[in-house]
Amino acid sequence: MTGWSRRRVLRTALSTAAALGSLPIAPTAHAAAPQFRRGVNAWPWFSLTREFPSPRTDYDWPPFQSQRPVPTPDDLRRLRETGLDFIRLPIDPGPFLAADAATRGKLLDMLDAAVSATLDAGLGIIVNIQANGATHYWNPDRMVSSTAAPAFDLYRGLVAELAGRLERFRPGKVALEPVNEPSQTCASNVWSQVQLSLLTAARALSATLPLVVTGGCGSMVSGLTALDPAPLAPFEPILFTFHFYEPYLFSHQGAPWMREPVYRSLNNVPWPASAGSLEQTLASVRARMAQDTETAEDAKQAAYAETERVLKVYFDAKPDRWFVDKYLAEVRAWADGHGLAPERIIMGEFGALRTDARYVAAPNPDRARYIADVRQSAEAFGFPWAFWDLFDGMGMMDDSTRALDPTMVEALGLVMPAD
């Protein structure tokens, strides 16, 4: 859910090389892939860091912000009781790579404890190395932009180390996803080299741990369908993943992290489009812009003109469940064409920003309809899924009270726990 797809999504939506390095591939055992079905992302458990400003490249201790929401054993137990069977755990690699040996050992012990707590709750876990694009030093460009990136070898070493550690845990319940939303283009040979090199490193220290692979283009559908899985066969067992937030005009309306000016005041976009009107949404946008005292008037006018243009496209297209099905049908056709069982292809992220005390975004009934449509479409095509997110503005659990949102639980086809 980081940088690439958000920064460039409007441009994108509208308009096998050998692995480098000398690590050997361990003989691959034919271990069965884990049966992940319904999951949730557990950001920011190992995210929201306390890095020192430039020119320093290290982190304060502890490196994660103390006020960030972290799931307790009771939270994890209740998630299992809803019907979820795994979590996807994003971890920021920066603190691990910047640390000395003793500090890195402490961080790895913390990660081991999180994995153990998740498994003890009856949940499986996908550990995802998710570099933070907003970090001034330990960011994706320095680490995974190519095999020649300044910190690629360090990152590759962390992938190998985590693979070796995670293999010790319960077979069939743990997997490793080496990269989140790679920024390279859909059919990029550069991304192929990066991914093959990381898989080689992981297999050098773990012959049986399932590895999660993805395509370029920020793990969008177009990235996965451009991926040739044949060169990845030596790394079995593997799973595949893609992320789904289409249409972004709905899912990311009002998102303050989006750089395109359209999103700043965008709100009240309905789902499906037939549940509202262009006129109603534009009136809400104008009201939101009127409250904005930071943006210059000429910038507001330009943003409004662009917002009006893209919203007209949105309402003319009349997106509904068919719109989601169209995208996911492409993934299923790709899977069938390569002889891949759909249960091996995980929709690793999907969701939409809610309207609450912090955000003015999607109307919450519309958000629930959208999430239900995406989840039901994934299930109809046979794909497992992981909702984004457990906490924060796209979450299903209150950061402070830890109360589960019954509307989100229902939209995800789950059940509220007894207590």
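How each quantity is defined
Throughout, residues of each chain are indexed from 1 in the direction in which the sequence is written. Selection of residues for local features in this predicted model requires a pLDDT of at least 70, selection of side-chain atom pairs for listing and counting requires 80 or more, and totals for whole chains, interfaces and linings are taken over all residues. Only hydrogens and water are set aside; all other atoms, that is, all heavy atoms of the structure, feed into the side-chain values. For the purposes of this entry, the term helix denotes a DSSP run of H or I that reaches at least four residues, the term strand denotes a run of E that reaches at least two, and both are numbered from the N terminus. Any two residues whose heavy atoms approach within 4.5 Å at even a single point are treated as in contact. When two cysteine sulfur atoms are found within 2.5 Å, that pair is recorded as a disulfide. When a residue's accessible area, from a 1.4 Å probe over protein chains only, is under 20% of the maximum for its type it is buried; when over 50% it is exposed; and in between it is partly exposed. Angles run from 0 to 180 degrees between N-to-C directions of axes, and those axes are lines fitted to C-alpha atoms, restricted for helices to the stretch in contact. An angle below 35 degrees is treated as roughly parallel, one above 145 as roughly antiparallel, one from 65 to 115 as roughly perpendicular, and anything else as oblique. When the near helix sits turned anticlockwise from the far one by under a right angle, the crossing is termed left-handed; a clockwise turn instead gives a right-handed crossing. Each residue is assigned to one class: nonpolar for Ala, Val, Leu, Ile, Met, Phe, Trp, Tyr, Cys and Pro, charged for Asp, Glu, Lys and Arg, and polar for all the others, Gly among them. Here a strand pair is declared whenever DSSP counts at least two bridges between the two strands. In these notes, a set of buried Ala, Val, Leu, Ile, Met, Phe, Trp, Tyr and Cys residues joined through side-chain atoms within 4.5 Å is what counts as a nonpolar core. For each structure, a 1 Å grid was placed over the protein atoms alone; sets of points admitting a 1.4 Å probe that cannot get out are labelled cavities, open sets with protein on both sides within 12 Å along at least five of seven lines are labelled pockets, and lining residues have an atom within 4 Å of a point. Grid points are joined across faces, edges and corners, and a volume is the space filled by probe spheres set on the points.

Asker: Break down the environment of G395 for me, with residues and values.
Answerer: For G395, the position within the fold is in the loop between β10 (385-387) and α14 (406-411). Apart from the residues lying within four places of it in its own chain, the contact partners of G395 are R354, R367, F387, D389, L390 and M408.

Asker: Let's hear about the state of the cysteines: which residues, and what values?
Answerer: Joining two cysteines, a disulfide is a covalent bond between their sulfur atoms. All told, the structure shown has one disulfide when counted by the stated rule. Disulfide pairing places C186 opposite C217 at an S-S distance of 1.8 Å. Disulfide C186-C217: torsion about the S-S bond near -115 degrees, hence left-handed. In this pair, C186 sits in the loop between β6 (174-177) and α7 (189-205) while C217 sits in the loop between β7 (211-214) and α8 (221-225), placing the two residues 31 residues apart along the sequence. Looking at C186, the relative accessible area reads 24%, which means it is partly exposed. Looking at C217, the relative accessible area reads 5%, which means it is buried.

Asker: Before we move on, could you go through the packing of helix α10 (residues 278-290) against helix α11 (residues 297-317) and cite the residues and values that matter?
Answerer: Following both chains from N to C, one finds α10 and α11 inclined at 160 degrees, their axes separated by 10 Å at the closest point. In terms of orientation, α10 lies roughly antiparallel with respect to α11. The way α10 lies across α11 gives a crossing that is right-handed. Contact residues: L278, T281, L282, V285, R286 and M289 in α10; K300, A303, Y304, T307, E308, L311, K312 and F315 in α11. Residue composition of the contact of α10 with α11, grouped by class: eight nonpolar, two polar and four charged.

Asker: Outline the side chain of S265, supporting the account with residue identities and numerical values.
Answerer: Looking at the element boundaries, S265 is found in the loop between α9 (248-251) and α10. Apart from the residues lying within four places of it in its own chain, the contact partners of S265 are V285, R288 and M289.

Asker: Account for the pairing of strand β1 (residues 38-41), naming residues and giving values.
Answerer: Neither face of β1 is open: one carries R38 and V40, the other G39 and N41, and all of them are buried. As defined by bridge partners, β1 adjoins β10 across three bridges and the pair is classed as parallel. Within the sheet, the bridge partner assigned to V40 lies in β10 and is F387. As paired strands, β1 and strand β4 (residues 86-91) are joined by three bridges and run parallel to one another. Considered in β4, the bridge of G39 is made with F86.

Asker: An account of the environment of I346 is needed here, citing residue identities and associated values.
Answerer: Inspection of the secondary structure assignment puts I346 in strand β9 (residues 345-350). In this structure the C-alpha to C-alpha distance between I346 and V212, which are 134 residues apart in sequence, comes to 8.9 Å. Ignoring any residue separated from it by four or fewer positions in sequence, one finds I346 in contact with F36, F86, I126, L239, F240, T241, F242, P384 and W385.

Asker: Give a detailed account of the nonpolar core, specifying residues and quantitative values.
Answerer: If you look at the biggest cluster of nonpolar residues, it comprises 121 residues, and the most contacted ones within it are L79, L89, L176, F240, F242, F244 and M396. Leave out the neighbours within four places in its chain, and F242 touches S219, M220, V221, L224, L328, V331, I345, I346, M347, G348, E349 and F383. With eight residues, the next largest nonpolar core counts A175, V212, I346 and A386 among its residues.

Asker: Let's hear about empty space enclosed by the protein: which residues, and what values?
Answerer: Empty space within the largest cavity amounts to approximately 30 Å³. Forming the boundary of the largest cavity are P178, V179, W191, Q195, V212, V213 and T214. Of all the secondary structure elements, the ones that give two or more residues to the lining of the largest cavity are α7 and β7. In terms of residue class, the lining of the largest cavity is made up of five nonpolar, two polar and no charged.

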